[in-house]
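Letter by letter, the chains look like this.
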Amino acid sequence: MPILYKTKASATGGRAGRAVSENGVLDVTLTVPKELGGDGATGTNPEQLFAAGYSACFLGALKVVAGKEKVKIAEDTTVTATVGVGPREDGGGFGIDVALSVHIPGVEREVAEKLVAAAHIVCPYSHALRTSTEVPVTVE
């Protein structure tokens with residue numbers, strides 16, 4: 001596939017550290033949620049970052065699909081991603097649980113459902129989760 005955009009972000013300290021994008025615009029303190037044994041310090045976590053990225057990407061895909069179908073999407077349209085993490089049943093590590101909720105004001109439910117179904121095909125986050133995309137991992 002031809003890559004149209006690529007970026008990088010790096011984390012140090014794991015879940016209790018820092019994450020920074022290559023251009024420095026994203027620079028966040030990472031903290032462990034209390035539910036995972038953290039102390040409740042102010043900061044964000046990988047699940048929140050994933051939820052923010054997925055919801056923004058899905059909304060972008062929804063706008064593309066709506067544009068092709070000549071449907072006006074209101075500025076206050078929202079996509080909310082709920083992301084959870086927990087131990088996998090196989091005992092081999094952790095899994096991720098993701099759900100999306102889409103609110104498109106002023107669009108009939110049937111039309112909204114068709115747009116959302118199409119956006120779920122277009123969105124790269126949805127595609128990656130649906131197809132279990134392979135991720136190459138290298139040691140430098």
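Residues numbered from 1 in each chain as written. Predicted model: local features only at pLDDT ≥ 70, side-chain atom pairs only at ≥ 80, totals over all residues. Heavy atoms only, no water.

Caption draft 1: A look at the pairing of strand β5 (residues 94-103). Here strand β4 (residues 78-87) pairs with β5 via 10 bridges, running antiparallel. Residue Val-85 lies in a different strand from β5, and its bridge partner there is Ile-96. From the end of β4 to the start of β5, which pair antiparallel, there are six residues, and Gly-91 there has a positive phi angle of about 75°. (Pairing = 2+ DSSP bridges. Helix = DSSP H or I, 4+ residues; strand = E, 2+ residues; numbered from the N terminus.)

Caption draft 2: Local environment of the sheet that holds strand β3 (residues 27-29). Read from one edge to the other, the open sheet built from three strands follows the order β1-β2-β3, with strand pairing classed as antiparallel. Each having just a single partner strand, β1 (9-12) and β3 make up the two edges of the open sheet. Neighbouring strand axes in the sheet, compared pairwise and without regard to direction, differ in orientation by 15° on average. Pairing geometry for strand β2 (residues 18-21) and β3, over three bridges, is antiparallel. Residue pairing for β3: Ala-19 is matched across the bridge by Val-28. (Axes fitted to C-alpha atoms, helices over the stretch in contact; angles between N-to-C directions.)

Caption draft 3: The arrangement of helix α2 (residues 109-122) in detail. With 14 residues, α2 extends 20 Å between its outermost C-alpha atoms, agreeing within 8% with the 20 Å of an ideal straight helix rising 1.5 Å per residue. Buried residues along α2 sit against α1 (46-68). (Expected span 1.5 Å × (residues − 1). Contact = heavy atoms within 4.5 Å.)

Caption draft 4: Molecular detail of the pairing of β2. Burial along β2 is one-sided: Ala-19 and Ser-21 are buried, and none of Arg-18 and Val-20, which face the opposite way, are. Where β1 and β2 come together, four bridges link them in antiparallel fashion. Counted as the bridge partner of Ala-9 is Ser-21 from β2. The loop that links β1 with its antiparallel partner β2 comprises five residues; one of these, Gly-13, has a positive phi angle of about 85°. Connecting β2 to the next strand, β3, in antiparallel fashion are five residues, including Gly-24 with a positive phi near 80°. (Buried < 20%, exposed > 50% of the residue type's maximum accessible area, 1.4 Å probe, protein only.)

Caption draft 5: Molecular detail of the packing of α1 against α2. Orientation of α1 relative to α2, taken along the N-to-C sense of each, is 115°, at an axis distance of 8 Å. The handedness of the crossing between α1 and α2 comes out as right-handed. Side by side, α1 and α2 meet where Tyr-54, Phe-58, Ala-61, Leu-62, Val-65 and Ala-66 of the first sit next to Leu-115, Val-116, Ala-118, Ala-119, His-120 and Val-122 of the second. Partitioning the contact of α1 with α2 into residue classes produces 11 nonpolar, one polar and no charged. (Left-handed = near helix turned anticlockwise from the far one by under 90°. Nonpolar A, V, L, I, M, F, W, Y, C, P; charged D, E, K, R; others polar.)

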